[in-house]
Amino acid sequence: MGNSLKAIVAFVPSNTCQKYLLEDLEEMPVDKMVDLSGRQLRRLPLHVCSFREMVKLYLSDNNLNHLPPELEQLQNLQILALDFNNFKVLPLVVCTLKQLCILYLGNNKLCSLPLELRLLQNLKTLWIESNCLQCLPEVVCELSLLKTLHAGSNALRTLPTQLQCLQELRTIWLSGNLLSEFPSVLLDMPFLEVIDVDRNSIRFFPSLAHLPGLKLVIYDHNPCRNAPKVAKGVRRVGRWSEETPEPRKRSGAVIEITLNEKPSLPPATKPKPE
């Protein structure tokens, strides 16, 4: 079925038309994965919610802005992709899916996250990049098993001190935000392995040499006057990354970096459905 026809059918709310968008999906696939990405969906066909043993559900790149309460039936769901849709608020029914390990919420219109998100205590990876977040919701700090947090391309200026409670967190991606200072809370998180603060407004970097778990720090496209000091073997990506942590002086003056305008951001990406 062509994309143009899908787009027309998507406007018709009848169950028949919505089921038509599923094409030949009558029974749950053997691999317990349903991928409805890019189907022009404006609502989730209830038929999908009958697949109670489903483990992975991909709804990326549609026109969804709400989800039916029947989604709660999918209590075995471990991966849910809602990125590239039109969600202004996260449907609370998502927070009832307590087996979720990976949740993709990027490229929506979210300004906050509900407190009920704390119920997802099995969540290990959270993608909230390219939304409208002006601060990192503190409820994220209650996801005790979280290992990876993608929060790039928002409008974050600071991070909550409670973030240090996430002792399982290993990678944090903060590229393309409004950070004017390196988040001090990250200095108290010795278990971090990857820190990405690319494309922010940080002018000075404190030493990161005391972080024993650190393997990679990305700090490019900041108006910084120094590179962060790191322990031996830690990879740096940014200005002076191949030199000593302090910039070399030329003609008796340190060359400063100036950013007249924010660089364009690369499109957000995530792993393809498994």
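Please refer to the structure placed before this passage.
Everything numeric here is computed off the predicted structure, so don't read it as measured data.

1. Structural notes on the overall build of the protein
In step 1: Each helix and strand counted, the protein has 2 helices and 12 strands in total.
In step 2: Mapped from its N terminus to its C terminus, the protein presents α and β elements in the order α-α-β-β-β-β-β-β-β-β-β-β-β-β.
In step 3: Within the protein, the fraction of its 274 residues that count as buried is 48%.
In step 4: In the protein, the proportion of contacts linking residues at least 24 apart, taken out of those at least 6 apart, comes to 27%.

2. Points about the environment of S144
In step 1: Checked against the element boundaries, S144 lands in the loop between β5 (125–127) and β6 (148–150).
In step 2: You can call S144 partly exposed: its relative accessible area is 38%.
In step 3: Sequence separation of S144 and R118 is 26 residues, and the distance between their C-alpha atoms is 9.0 Å.
In step 4: Setting aside chain neighbours within four positions, we find S144 in contact with Q121, L166 and E168.

3. Some points on the packing of aromatic side chains
In step 1: If you walk through the whole model with that rule in mind, you get 3 aromatic pairs.
In step 2: Pairwise contacts between aromatic rings join F182, F205 and Y219 into one cluster.

4. Some thoughts on the sheet that holds strand β3 (residues 79–81)
In step 1: Taken together, 10 strands build an open sheet; the order of strands is β1-β2-β3-β4-β5-β6-β7-β8-β9-β10 and the sheet is parallel. The two strands at the open ends of the sheet, each matched to only one other strand, are β1 (33–35) and β10 (235–237). Going from strand to strand, the sheet's axes swing by 5° on average, the running direction of each strand aside.
In step 2: Bridging between β6 and strand β7 (residues 171–173) involves 3 bridges; their strand directions are parallel. Across the sheet, residue T148 finds its bridge partner in β7, namely T171.

5. Focus: the pattern of salt bridges
In step 1: If you walk through the whole model with that rule in mind, you get 4 salt bridges.
In step 2: The closest approach of N and O atoms between R118 and E142, which form a salt bridge, is 2.8 Å. Of this pair, R118 sits in the loop between β4 (102–104) and β5 while E142 sits in the loop between β5 and β6, and the two are 24 residues apart along the sequence.
In step 3: Put simply, R199 and D198 hold a salt bridge, and the shortest N to O gap is 3.5 Å.
In step 4: For D198, a relative accessible area of 11% puts it in the buried group.

6. Looking at the side chain of T148
In step 1: With respect to the helices, strands and loops of the structure, T148 is situated in strand β6.
In step 2: Within the structure, T148 has its side chain in polar contact with the side chain of T171 (distance 3.1 Å).
In step 3: T148 has contacts with K124, T125, L126, L169, T171 and W173, leaving out every residue within four places of it along the chain.

7. What about the environment of R52?
In step 1: Relative to the helices and strands, R52 resides in the loop between β1 and β2 (56–58).
In step 2: By relative accessible area, R52 is classed as partly exposed at 48%.
In step 3: Taking the C-alpha atoms as reference, R52 lies 8.9 Å from M28; in sequence the two are 24 residues apart.
In step 4: In contact with R52, not counting residues within four places along its chain, are Q73, L74 and N76.

Calculation notes
- Residues numbered from 1 in each chain as written.
- Predicted model: local features only at pLDDT ≥ 70, side-chain atom pairs only at ≥ 80, totals over all residues.
- Heavy atoms only, no water.
- Helix = DSSP H or I, 4+ residues; strand = E, 2+ residues; numbered from the N terminus.
- Buried < 20%, exposed > 50% of the residue type's maximum accessible area, 1.4 Å probe, protein only.
- Contact = heavy atoms within 4.5 Å.
- Phe/Tyr/Trp six-rings, centres within 6.5 Å; stacked < 30°, edge-to-face > 60°.
- Pairing = 2+ DSSP bridges.
- Axes fitted to C-alpha atoms, helices over the stretch in contact; angles between N-to-C directions.
- Salt bridge = Lys/Arg side-chain N within 4 Å of Asp/Glu carboxyl O.
- Polar contact = N/O pair within 3.5 Å; in protein donor to acceptor, adjacent residues only side chain to side chain.

So, to be careful, I would describe these as geometric facts and stop short of saying anything about function.
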